[in-house]
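Below, each chain spelled out in residue letters.
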Amino acid sequence: MKTTNLLTVIAVSAGLAFGASAQAKEKKHQEKELNSSDVPAAVQQAAEAKAKGAKIVRWEKEGANYEAVVEKDGKEWGYKFDANGKSLGKHDEAKEKGEKGEKY
């Protein structure tokens, strides 16, 4: 009887721990949409340089970083920048939406 109770407690504890860590990871990746007026000028200039004439369709903020979502050749690309305009990378927005189950 004690072994069964112990195994039950271990299983429930593991489930709770996994759930809490999954929620913490999800909160880390929360994005907030912004107006261009809320984006620092250095970030806007850096994004326009990366976009090379393509249209910036929206701005997002994730933690302390900014993301310009650019439509280029029928695809959306996300360009990430720090608050000073330093480029932190580029990714395919379609893949990110699929991971999070989002629709725009």
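Here's what I pulled together on the structure shown here. Quantities reported herein were computed from a predicted structural model and do not represent experimental measurements. (Residues numbered from 1 in each chain as written. Predicted model: local features only at pLDDT ≥ 70, side-chain atom pairs only at ≥ 80, totals over all residues. Heavy atoms only, no water.)

A few points about the pairing of strand 4 (residues 75-81)
Definition in use: Only strands that DSSP links by at least two bridges are regarded as paired with each other. Runs of H or I in DSSP of at least four residues are treated as helices and runs of E of at least two as strands, each being numbered from the N terminus.
Bridging between strand 3 (residues 65-72) and strand 4 involves seven bridges; their strand directions are antiparallel. Following the sheet pairing, Val69 is matched in strand 4 by Gly78. The antiparallel pairing of strand 3 with strand 4 creates a hairpin that spans two residues between the two strands, and Asp73 there sits at a positive phi of about 55°. As paired strands, strand 4 and strand 5 (residues 87-92) are joined by five bridges and run antiparallel to one another. The residue of strand 5 that forms the bridge with Gly78 is His91. Hairpin connection between strand 4 and strand 5: a loop of five residues separates the two successive antiparallel strands, and Gly85 in this loop has a positive phi of roughly 95°.

Comments concerning the environment of Glu62
The criterion, for reference: In this scheme, a residue with accessible area under 20% of its type's maximum is buried, one over 50% is exposed, and one in between is partly exposed, where area comes from a 1.4 Å probe on protein chains only. Throughout this description, a polar contact denotes any pair of N or O atoms lying within 3.5 Å of each other; where both atoms belong to protein, one of them has to be capable of donating a hydrogen while the other can accept it, and for residues adjacent in sequence the pair is counted only when both atoms sit in side chains.
Looking at where Glu62 falls in the secondary structure, it is placed in strand 2 (residues 55-62). By relative accessible area, Glu62 is classed as buried at 17%. Each C-alpha atom of the pair Glu62 and Asp82 lies 9.9 Å from the other, and the pair is 20 residues apart in sequence. Within the structure, the side chain of Glu62 is placed 3.2 Å from the side chain of Lys80, a separation counted as a polar contact.

Examining the sheet that holds strand 3
Definition in use: Angles here are taken between N-to-C directions and fall from 0 to 180 degrees, while the axes themselves are lines fitted to C-alpha atoms, restricted in helices to the stretch in contact. Throughout, a contact is declared for two residues whenever any of their heavy atoms are within 4.5 Å.
The five strands lie next to each other as 1-2-3-4-5, forming an open sheet whose pairing is antiparallel. Edge positions in the sheet fall to strand 1 (32-34) and strand 5, since each of these pairs with one other strand and no more. With direction set aside, neighbouring strand axes in the sheet form an average angle of 30°. Each of strand 2, strand 3, strand 4 and strand 5 is contacted by helix 2 (residues 41-51), which is oriented at about 135° to strand 2, the strand it contacts most.

Quick look at the pattern of salt bridges
If the charged atoms of two oppositely charged side chains come close together, the side chains can form a pair. In plain terms, the rule: By convention in these notes, a salt bridge is any Lys or Arg side-chain nitrogen within 4 Å of a carboxyl oxygen on Asp or Glu.
Within the structure shown, the criterion is met by five salt bridges. In this structure, the salt-bridge partner of Glu76 is Arg58, at a minimum N-O distance of 3.5 Å. You can see Glu76 sitting in strand 4 and its partner Arg58 sitting in strand 2, a full 18 residues away along the chain. Look at Arg58 and you get buried, because its relative accessible area is 10%. Close ionic contact of Lys75 with Asp92 constitutes a salt bridge, the shortest N to O distance being 3.2 Å. Of this pair, Lys75 sits in strand 4 while Asp92 sits in strand 5; the two residues are 17 residues apart in sequence, bridging distant segments of the chain. Here Lys75 falls in the partly exposed class, since its relative accessible area comes to 38%. Each of Arg58, Glu60, Glu76 and Glu93 takes part in one network of salt bridges that share partners.

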